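Below, each chain spelled out in residue letters.
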Amino acid sequence: MKRTEQIDHLKSEHFDLLVIGGGITGVGIALDAQSRGLKTALIEMHDFASGTSSKSTKLIHGGLRYLKQMEFGLVSEVGKERAIVHHIAPHLVHPDKMLLPLVRGGNYGKWLTSIGLKIYDWLANVKGLDRRRMLNRKETAAAEPLLRTDILEGGGLYAEYRTDDSRMVVSIAKTAQRYGAMVMNYVSASAFRYENDRIVGVHAKDENTGEAFDVNATCVVNATGPWVDDVRKKDQKVEGRRLHLTKGVHLVVLKDKLPLTQTIYFDNADGRMIFAVPRGESVYLGTTDTDYLGEKDSPEVTMEDVKYILQACNDMFPNAHLTVDDVDSSWAGLRPLIHEDGKKPSELSRKDEIFYSESGLISIAGGKLTGYRKMAERVVDKVASKVGKPIGKCITDTIQVDGGDFKSYEAVQAFVEELKLRYSKFLSSSAEAEYLVHNYGTDAEVILQKASESKKDPALALVLAETDYAIENEMVMSSLDFFERRTGRLNFRIRSIGSIRENVTKLMAKKLKWTKERLVRENYLLDQALLRVRSFTLPK
């Protein structure tokens, strides 16, 4: 609601650091830099988390399979980061026991799994009840009755965390802004500005109005994920190390179709591993890992992708009988990995890498959602040496993410129950209260209080209060910002959109001063998205 004022601020200020890219890496860098004393701005050409950072497997996990690739350092770092991220964002990062079925001819034998999970716990500093527990065949089948039993030999139960990746990005962006960073979506960098062959900022464009302006900064960081090499090319020819994009697809089915009791990480016949993750009334399944050379803005879910995942699930859960018609929603994301000659997509390292140019541009690619904080720390350490400004050590391990002011995860759950009792008129179930708290943390009560001031039907009042909050506090600029990235409805509650879309878009049109043409356009784009997540392309 203060966009004009913020654009003016971008124009007039000189920043120590300008970050290009509003995914998890970019917002993590912005928070780290600003909290350590660097005057920081961030611009994102679309919405926050509109690329890879809203299309992951939505897990804060150490990456058990990376042990097989002997990447002990990566497993240790991201494994330890799980506990830190859970602590600073307890409403967004939820403990999730993961079951690894051990099957005849599978990737993991019982003895190696036992040793591997023990090493995994040791590297990640896992303690107490969260440590791995090995199960025999009978115990594994009892833990998940849907599992195929004819090839089952046992299982391993170990601790990971589930999250909402796009909510994590938005919440960290809000935290960075709270610390004083200037964070803007729908602002693109069209070209770099130079003085004496050194980058001193960018020529920018407000994608909402078309206005062009300059942003001045001592140092510029390129954290654009799949677009990293495209941005590097705006500065100089890309030589040597470069990106290797792979596509990951996930499918969503209703829990009625696959009533799992917990998250399962299981073998596929081709040697890859597949996740099946319960979330609310749904279960999401994935992922694929294939080379990608298409348009970065719109990776598609193909019928081949869908059949691959469904076949894997039907093999492991033979009574599910999942078909294409059971797919409620889907998403496809791109992994910006570092190219290594001769390696298949699933063999490529998930380590991050920093690139430097002679003009001073710093670019970062690779990495995992779980390791965003350490990636940011490494980048800001490099930035500090370039801006010549003394800064303190990284403190983001102690900064509570926006909405996350809880002493423990138990306090989060207690808050869910408290809100359910106090606002029972608006919260028909624990699931609805849990959704609000897990999305907005302590600010869930702000939304409920707003709803309680309305004379409308309680369910409609709550949706409109949530819309109002997202516009006022989370830079929502379009219908998809709200339905896809702020609320997750497009993927996990798609059936609820039809009954509320008219009221939501009318409120957005009023508050954001849309023209009639803009409202028509927004409804068209929402229609296209609703089709996209349920329509699958055939091989060309």
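Note: the structure precedes this text.
Throughout what follows, the structure given in this document is the object of discussion. (Residues numbered from 1 in each chain as written. Predicted model: local features only at pLDDT ≥ 70, side-chain atom pairs only at ≥ 80, totals over all residues. Heavy atoms only, no water.)

## Observations regarding the environment of Thr163
Phase 1: If you trace the backbone, Thr163 turns up in the loop between strand 6 (152-162) and helix 6 (165-178).
Phase 2: A sequence separation of 67 residues divides Thr163 from Asp96, and the C-alpha atoms of the two residues are 9.7 Å apart.
Phase 3: Not counting chain neighbours up to four residues away, the residues in contact with Thr163 comprise Lys58, Leu59, Ile60, Leu92, Val93, Met168, Arg279 and Leu369.
Phase 4: Of note is the side chain of Thr163, whose polar atom sits 2.8 Å from the backbone oxygen of Leu92. (Helix = DSSP H or I, 4+ residues; strand = E, 2+ residues; numbered from the N terminus. Contact = heavy atoms within 4.5 Å. Polar contact = N/O pair within 3.5 Å; in protein donor to acceptor, adjacent residues only side chain to side chain.)

## Comments concerning the nonpolar core
Phase 1: Ranked by internal contacts, the top residues of the largest apolar core, which has 65 residues, are Leu10, Ile29, Val202 and Val383.
Phase 2: Per element, the largest residue contribution to this core is 7 residues, and it comes from helix 9 (residues 372-387).
Phase 3: Core analysis: the next-biggest nonpolar cluster, separate from the first, contains 32 residues, Val103, Leu258, Val301 and Met316 among them. (Core = buried A, V, L, I, M, F, W, Y, C linked by side-chain atoms within 4.5 Å. Buried < 20%, exposed > 50% of the residue type's maximum accessible area, 1.4 Å probe, protein only.)

## As for the pairing of strand 7 (residues 182-185)
Phase 1: Of the two faces of strand 7, the one holding Met182 and Met184 and the one holding Val183 and Asn185 are both buried throughout.
Phase 2: Direction of pairing for strand 2 (residues 40-44) relative to strand 7: parallel, over a ladder of 4 bridges. The residue of strand 7 that forms the bridge with Ile43 is Met184. (Pairing = 2+ DSSP bridges.)

## Section: the pattern of salt bridges
Phase 1: Applying the stated criterion across every chain yields a total of 42 salt bridges.
Phase 2: Residue Arg148 pairs with Asp150 through a salt bridge whose shortest N-O separation is 2.6 Å.
Phase 3: Here the salt bridges share partners, and the residues they tie into one network are Asp47, Arg167, Lys174, Arg178, Asp402, Glu474, Asp481, Glu484, Arg485, Arg486 and Arg532. (Salt bridge = Lys/Arg side-chain N within 4 Å of Asp/Glu carboxyl O.)

## Some words on the pairing of strand 18 (residues 362-366)
Phase 1: Burial analysis of strand 18 places 5 of its 5 residues in the buried class, the great majority of the element.
Phase 2: Bridge analysis of strand 17 (residues 352-356) against strand 18 gives 5 bridges, and the strand direction is antiparallel. Looking at strand 18, one finds that Asp352 is bridged to Gly366.
Phase 3: Linkage of strand 17 to strand 18, two consecutive antiparallel strands, is achieved through a turn of 5 residues, within which Gly360 is found at a positive phi near 105 degrees.

## Quick look at the packing of aromatic side chains
Phase 1: Considering all chains together, one arrives at 8 aromatic pairs under this definition.
Phase 2: Relative to Phe317, the ring of Phe266 lies with its centre 5.3 Å away and its plane at 75 degrees, an arrangement referred to as edge-to-face. Of the two residues, Phe266 sits in strand 12 (residues 263-267) while Phe317 sits in the loop between helix 8 (303-316) and strand 16 (327-338), which places them 51 residues apart along the sequence.
Phase 3: Look at Tyr284 and Trp331: their rings are 5.6 Å apart centre to centre, the planes differ by 50 degrees, and that puts the pair in the tilted class. Taken together, the residues span a long stretch of sequence, with Tyr284 in strand 14 (residues 282-286) and Trp331 in strand 16 at a distance of 47 residues.
Phase 4: Assessed through its relative accessible area of 4%, Trp331 is described here as buried.
Phase 5: Between Lys58 and the ring centre of Trp331, over which it is positioned, the NZ or CZ distance is 4.6 Å.
Phase 6: If you follow Arg279 out to its NZ or CZ, it ends over the ring of Phe492, 3.9 Å from the centre. (Phe/Tyr/Trp six-rings, centres within 6.5 Å; stacked < 30°, edge-to-face > 60°. Lys NZ or Arg CZ within 6 Å of the ring centre and 35° of its normal.)

## A few points about the environment of Leu135
Phase 1: Looking at the element boundaries, Leu135 is found in strand 5 (residues 133-135).
Phase 2: Residue Leu135 is classed as buried on the basis of its relative accessible area, which comes to 3%.
Phase 3: Between the C-alpha atoms of Leu135 and Leu99, which are 36 residues apart in sequence, the distance is 9.6 Å.
Phase 4: Residue contacts for Leu135: discarding those within four places in its chain leaves Leu99, Lys110, Thr140, Ala143, Gly154 and Gly155.

## Concerning the state of the cysteines
Phase 1: Under the counting rule described, the total for this entry stands at 0 disulfides.
Phase 2: Here Cys394 stays unpaired: no disulfide links it, and the sulfur of Cys219, its closest cysteine neighbor, is 17 Å away. (Disulfide = S-S within 2.5 Å.)

## What to know about helix 10 (residues 409-422)
Phase 1: Helix length check: helix 10, at 14 residues, gives a terminal C-alpha distance of 20 Å against a target of 20 Å (1.5 Å per residue), a fit within 8%.
Phase 2: Those residues of helix 10 that sit buried are Tyr409, Val412, Phe415, Val416 and Leu419. Buried residues of helix 10, seen end-on, are gathered within an arc of 105 degrees and therefore sit on one face of the element. Opposite the packed face of helix 10, turned more than 90 degrees from it, sit the exposed residues Glu410 and Leu421.
Phase 3: Tucked inside the fold, the buried residues of helix 10 contact helix 3 (72-88), strand 4 (94-103), helix 11 (430-440) and helix 12 (444-452).
Phase 4: Measuring from the side-chain oxygen of the N-cap residue of helix 10 to the backbone nitrogen of Glu410 gives 3.4 Å; that N-cap residue is Ser408. (Expected span 1.5 Å × (residues − 1). Arc of directions from axis to C-beta.)

## Structural notes on the packing of helix 2 (residues 24-35) against helix 9
Phase 1: Packing of helix 2 against helix 9 brings their axes to within 8 Å, and their N-to-C directions diverge by 55 degrees. Relative to helix 9, the element helix 2 is oriented oblique. By crossing handedness, the relation of helix 2 to helix 9 is classed as right-handed. Facing Ile24, Thr25, Gly28, Ile29, Asp32 and Ala33 of helix 2, the residues of helix 9 in contact are Tyr372, Met375, Ala376, Glu377, Val379 and Val380.
Phase 2: Partitioned by chemical class, the residues of the contact of helix 2 with helix 9 number 8 nonpolar, 2 polar and 2 charged. (Axes fitted to C-alpha atoms, helices over the stretch in contact; angles between N-to-C directions. Parallel < 35°, antiparallel > 145°, perpendicular 65-115°, else oblique. Left-handed = near helix turned anticlockwise from the far one by under 90°. Nonpolar A, V, L, I, M, F, W, Y, C, P; charged D, E, K, R; others polar.)

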